Amino acid sequence: MGVAVLQARLVESHLIAPEVRHFTFDVPEVEQLPYLPGQFVSFSRDFEGKRITRAYSTASAPNGNRFELCLNRVQDGIFSPWLFTMEPGHTVDMKGPLGYFTWRHPVRDSILVATGTGIAPFRGMLTAYLSGGGEQPITLVYGVRYEESLLYRGEFEELARNYPNFRFVPTLSRPDDGWTGARGHVQAHVMEIIGHRRDMDVYICGLKLMVDDVRGRLKEIGVDRKQIVSEKYD
Ligand SMILES: Cc1cc2nc3c(=O)[nH]c(=O)nc-3n(C[C@H](O)[C@H](O)[C@H](O)COP(=O)(O)OP(=O)(O)OC[C@H]3O[C@@H](n4cnc5c(N)ncnc54)[C@H](O)[C@@H]3O)c2cc1C
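This is a predicted model, so every value here is computed, not measured.

Chemist: Explain the overall build of the protein to me, using residue names and the numbers behind them.
Modeler: If you tally the helices and strands in the protein, you get five helices and twelve strands. In summary, the protein has a C-alpha radius of gyration of 18 Å against a globular reference of 17 Å for 234 residues, a match within 12%. Projected onto the principal axes, the alpha-carbon positions of the protein cover approximately 50 × 40 × 35 Å. Intrachain contacts of the protein at a sequence separation of at least 6 include 70% that bridge at least 24 residues. Counting only carbon and sulfur atoms, one obtains 49% of the accessible surface of the protein, whose full area is about 12,000 Å². Placing the 27 positive and 29 negative side-chain charges of the protein at their respective mean positions leaves the two points 5 Å apart.

Chemist: Kindly report on helix H4 (residues 186-194), identifying the contributing residues and their values.
Modeler: Because an α-helix packs 3.6 residues into every turn, residues spaced three or four apart end up facing the same way. Those residues of H4 that sit buried are Val186, Gln187, His189, Val190 and Ile194. Around the axis of H4, the buried residues are gathered within 165° of arc, so they sit on the same side. Where H4 is buried, its residues touch strand E7 (110-115), strand E8 (138-144), strand E9 (166-172), strand E10 (182-183), strand E11 (201-206) and helix H5 (208-220). Two residues or fewer after H4 comes glycine 195, characterised by a positive phi angle close to 50°.

Chemist: Could you give an account of the sheet that holds E7, with specific residues and numbers?
Modeler: Strand order across the open sheet formed by six strands is E10-E9-E8-E7-E11-E12, with parallel pairing between neighbours. The open sheet terminates on both sides in strands that have one partner only, identified here as E10 and strand E12 (228-232). Its contacts with the sheet put helix H2 (residues 120-131) on E7, E8, E9 and E11, and the angle it makes with E11 is roughly 145°. Sheet strands in contact with H5 are E7, E11 and E12, and its direction is about 160° off that of E11.

Chemist: Any details on the site of the ligand? Residues and values, ideally.
Modeler: The environment of the ligand is made up of 21 residues, and the closest members are Arg54, Ala55, Tyr56, Phe79 and Ser80. One of the side-chain N or O atoms of serine 80 is found 2.6 Å from an oxygen atom in the ligand. Put simply, the parts of the chain that give the shell around the ligand at least two residues each are strand E4 (50-57), strand E5 (66-72), helix H1 (79-85) and E12. Sort the elements by how many residues they give to the shell around the ligand and E4 lands first, with four residues.

Chemist: Account for the side chain of serine 80, with residues named and values stated.
Modeler: For serine 80, the location among the structural elements is in helix H1. A polar contact is formed between the side chain of serine 80 and the backbone nitrogen of valine 74, at a distance of 3.0 Å. Dropping the residues within four chain positions of it, serine 80 is found in contact with Tyr56, Leu71, Asn72, Arg73 and Val74.

Chemist: Please set out the pattern of salt bridges residue by residue, giving values where relevant.
Modeler: It is possible for side chains bearing opposite charge to pair when their charged atoms get close. This model, assessed by the stated rule, comprises 15 salt bridges. The shortest N-O distance in the salt bridge between arginine 9 and aspartate 26 comes to 2.9 Å. Of this pair, arginine 9 sits in strand E1 (residues 6-17) while aspartate 26 sits in strand E2 (residues 20-26), placing them 17 residues apart in sequence. On the basis of relative accessibility, which here comes to 34%, the residue arginine 9 falls in the partly exposed class. Look at aspartate 26 and you get buried, because its relative accessible area is 8%. Across the pair arginine 217 and aspartate 213 runs a salt bridge whose closest N-O atoms are separated by 3.3 Å.

Scoring rules and cut-offs
In every chain, residue numbers begin from 1 and rise along the written sequence. Whole-chain, interface and lining totals are the exception, using all residues; otherwise, since this is a predicted model, local features are given only for residues with pLDDT of at least 70 and side-chain atom pairs are given and counted only at 80 or more. Computation of side-chain values: all heavy atoms of the structure, hydrogens and water removed. Helix and strand labels come from DSSP, where a helix needs a run of H or I of at least four residues and a strand needs a run of E of at least two; each type is numbered from the N terminus. We compute the radius of gyration from the C-alpha atoms alone; for a globule the expected value is 2.2 Å times N to the 0.38, where N is the number of residues. Contacts between residues were defined by any pair of non-hydrogen atoms, one from each residue, lying within 4.5 Å. Per-residue and other accessible areas follow the Shrake-Rupley method at a 1.4 Å probe size, with only the shown protein chains counted as cover for residues. For the purpose of counting charges, residues Lys and Arg are taken to be positive, whereas Asp and Glu are taken to be negative. His and the chain ends are not included. A single reference atom marks each charge: NZ on Lys, CZ on Arg, CG on Asp, CD on Glu. Buried means the residue's accessible area, taken with a 1.4 Å probe over protein chains only, is under 20% of the maximum for its type, while exposed means over 50%, and partly exposed covers the values in between. The arc in question is the one spanned by the directions pointing from the helix axis to the C-beta atoms. Following DSSP output, two strands are said to pair if at least two bridges run between them. Axis geometry follows a simple rule: fit a line to the C-alpha atoms, using only the stretch in contact for helices, then measure angles between N-to-C directions, giving values from 0 to 180 degrees. We call a residue near a molecule or strand whenever a single non-hydrogen atom of that residue lies within 4 Å of it. N or O atoms closer than or at 3.5 Å make up a polar contact, with two conditions inside protein: a donor-capable atom paired with an acceptor-capable one, and, for residues adjacent in sequence, both atoms drawn from side chains. When a carboxyl oxygen of Asp or Glu is within 4 Å of a side-chain nitrogen of Lys or Arg, the pair counts as a salt bridge.

Purely geometric stuff here, so don't read any function into it on its own.
Here's what the structure looks like:
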């Protein structure tokens, strides 16, 4: 039996950074949309007679029949530019949420690594874990080019203020002079944070180049691959 096709209806969307929108959808056919934070939905639609399917990570913890997404408009892309034109009330075919990019249990002392919209699954995972009383130390290393592209920055800063076991390390590869935080790519910061420890779990989400690079470096220093959980967007 295949996975049921549902209709995801746009509730609202707004720009949160240049070329990046935050979307709220609901699924009117169901009262509850059960999923694990970090899972993705699979959207399908016909474009010029051809069926196209794309995955999008949920950016929210489960909440009734609603879910949120965070996506950037890929220039010359097919699906993402169309999603940017959706108006409230419009629907799209959806399957899921699906996938295995979710907390491993028991949750261990962890580093979460994201670049760009790769932050999406961590938003739902962190909200659920921290507000659910999770006590393991968690560090989020989040890399973008420019300060204005740090998605959900205020929310992560607030989580860090409210939960002493959560640390937020935003890093900019092209900071301007006023930036006092971390600089450069996520890779270097992850290696520094992990230091001599080999007992941490590392969750990585973003484009292949970054994910493979972080994975490769962790493997080199002897981190067991069972402790590395990753999701690639391309
Ligand atoms: C499990 C999973 C979860 C995903 N979650 C998200 C998400 O939460 N938010 C999101 O924005 N995208 C996400 N993606 C990527 C998404 O599925 C599409 O690939 C993306 O929207 C581009 O589709 P398109 O049809 O517009 O462009 P296409 O015509 O398919 O692709 C153009 C090129 O864009 C590149 N690309 C793909 N994704 C991105 C990206 N995010 N940023 C920059 N370049 C990209 C690829 O190299 C691709 O070759 C996810 C992918 C997977 C597999």
